[in-house]
Each structure stands twice: as C-alpha cells, then as structure tokens.
Amino acid sequence: MNEYQNDTLENLTLQVDEDLKLPLSQMAKWTKFISVSMFVLMGLLAVLFVVGGTAFLSNIDKFGKFNVLAGLESGIIIGIIIFAVVIFAVIFYFMYNFSVKTKAALMCDDGALLASGIQSLKTFVIINAILGMISLLVTIITLFNY
C-alpha cells in the first residue's frame, strides 16, 4: 500500500496535447505583446522624464492633498522613480521569459523548457501579488492618515 502513496512527482511526465497547446500558445503570444509593450512604455516614460524632469520636479508641490512626494528632495524622488522602473522591468522580464520559453517549448515539445517557462510565470504572479498587497496596505494607511 505504501508504494501507491508515493507523493513525489519526479517520474511524472507531462504530455501536452493539442487542446493544451492552443491556449498556451495564445498565452505566450499575449504575454509577449504585453511585456514588450510595457518595456516600450517604460522607455518612453524614461525619455519623457529626462526631457521634462526639471519641470516635474519644480511643480511637484502643486499636485494636491494626496501628494506623497511633496517635501522630498529631488535626488530622493529620482531614486524612487529609478527604483520603480527597475522593479517593473524585472517583473515584466519574467512575463517575457515565460512567453519565450513557452513558445520554444511548444515548438520543440520540450517539457523541461515548458516547466521553466511556467516557473517564470509563477514568479511573475508572486511578485505581483506581493506588490498588490503592499499597495493595498499603503492605500489603507494613507486613507486613515487623512
């Protein structure tokens, strides 16, 4: 009876049939589109900030009551923006990585590559969940402070 209760999955092989290939292929296509779009958007925002950064930093105190950046020095604000861009680049790198690996795995029927792609998607979802919880917590704290 103990031989049937083996919980390890090391001998389990995943067979991807045609019913699974189509949704995975569509997911890979859309995640690649979204991640590349976000990389382009972050690049455009970086260029925009380089061009209009001084105007943004000089008028930051005029953004209203809920302005969390008011009173900070320019160097700290630039550091926060650079940190946010790096975080978003890492997040969308995992999405892009999922897309590339999944598409390659479906083309050559490689289960290890598919598992690696799904691991990238898992990492993407975990990071987004953590950032979502932090954002919700900050929003609740901000709500009760005003």
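Below, the structure is looked at part by part.

### What about the packing of aromatic side chains?
Here comes step 1: Applying the stated criterion across every chain, the model contains four aromatic pairs.
Here comes step 2: For the pair W30 and F33, a centre-to-centre distance of 5.8 Å together with 90° between the ring planes defines the contact as edge-to-face. Of this pair, W30 and F33 both sit in helix α1 (residues 18-58), three residues apart, which is roughly one turn of the helix. There is no split in this pair, since W30 and F33 are both exposed.

### Remarks on the side chain of T31
Here comes step 1: Considering the arrangement of structural elements, one finds T31 in helix α1.
Here comes step 2: Polar side-chain contacts of T31 include one of 2.7 Å to the backbone oxygen of M27.

Here is what the cut-offs are and how they apply
Residues numbered from 1 in each chain as written. Predicted model: local features only at pLDDT ≥ 70, side-chain atom pairs only at ≥ 80, totals over all residues. Heavy atoms only, no water. Phe/Tyr/Trp six-rings, centres within 6.5 Å; stacked < 30°, edge-to-face > 60°. Helix = DSSP H or I, 4+ residues; strand = E, 2+ residues; numbered from the N terminus. Buried < 20%, exposed > 50% of the residue type's maximum accessible area, 1.4 Å probe, protein only. Polar contact = N/O pair within 3.5 Å; in protein donor to acceptor, adjacent residues only side chain to side chain.

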